[in-house]
Amino acid sequence: MPLIDYSNSTELAWKANATTWLGIPLHPLGEISPFQFYMMAPDEPHARYRQSFCIRLQTVSCTLLFCIAIWNTIAAVRMIRARPKALAPWCCFIPSFLSITLYIVYVLMVFDIIFNCRHITWWSVVMIGISYICNSLILLQKAHLVLLRQRWVLYTGIPLILPQIGYIVINLTSSYIAIDANSGCNLHYPKFLIGYWAGTT
């Protein structure tokens, strides 16, 4: 995931004629699927192989993620059945289930059925953001129990968790997505997002 170089005017030249969605400029290479990107390659074996590398790389990584998500979802369901009213099992289940839906979105995208690079990347961003919030809620609940259920723990912890929603918002509004032959669907993000992420997580 490369940083956006605001000092390089050519890197952001695409914004001049870009289409927008809710005021967010959309990079042309983020509005295509990996299959469409593969078909854009010159009709020669080396170029085709290079263009298909991103598909193979992301397919392997998404498949591994899917297998882990299935295992985690099964474990989370067992915890929910044992303690349906507890917060922690649900906070484990939600990120795992979202990871399964991410794989479904990826499969539909890679076969050029419905989604494109922007859809899969935005869904990944939302999924990661929700996972951060769920993990923070689990830690907050543990701290609340360890400190004998004192309410000041909640009053202090919840306002510190809310800024994590900003991770999703900043990614959606200040970053852009473009497919690359080496790494597939790439999120290009502003430098300040690193500091924001470190400060909120």
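Residues numbered from 1 in each chain as written. Predicted model: local features only at pLDDT ≥ 70, side-chain atom pairs only at ≥ 80, totals over all residues. Heavy atoms only, no water.

(A) Region of the structure containing the packing of helix 4 (residues 117-146) against helix 6 (residues 165-174). For the pair helix 4 and helix 6, interaxial distance at closest approach is 8 Å and the crossing angle is 165°. It follows from the interaxial angle that helix 4 and helix 6 lie roughly antiparallel. Helix 4 and helix 6 meet at a crossing whose hand is right-handed. Counting all contacts with helix 4, which are made through W122, V125, V126, I128, G129, I130, Y132 and I133, the residues of helix 6 involved are I165, Y167, I168, N171 and L172. Its residues assigned to classes, the contact of helix 4 with helix 6 comprises 11 nonpolar, two polar and no charged. (Axes fitted to C-alpha atoms, helices over the stretch in contact; angles between N-to-C directions. Helix = DSSP H or I, 4+ residues; strand = E, 2+ residues; numbered from the N terminus. Parallel < 35°, antiparallel > 145°, perpendicular 65-115°, else oblique. Left-handed = near helix turned anticlockwise from the far one by under 90°. Contact = heavy atoms within 4.5 Å. Nonpolar A, V, L, I, M, F, W, Y, C, P; charged D, E, K, R; others polar.)

(B) Quick peek at the environment of W14. Within the secondary structure, W14 is located in the segment before strand 1 (19-21). For W14, a relative accessible area of 14% translates into the label buried. Sequence separation between W14 and Y132 is 118 residues, and the spatial gap between their C-alpha atoms is 32 Å. Excluding residues within four positions of it along the chain, W14 makes contact with P25, L26, H27, P28 and Y176. (Buried < 20%, exposed > 50% of the residue type's maximum accessible area, 1.4 Å probe, protein only.)

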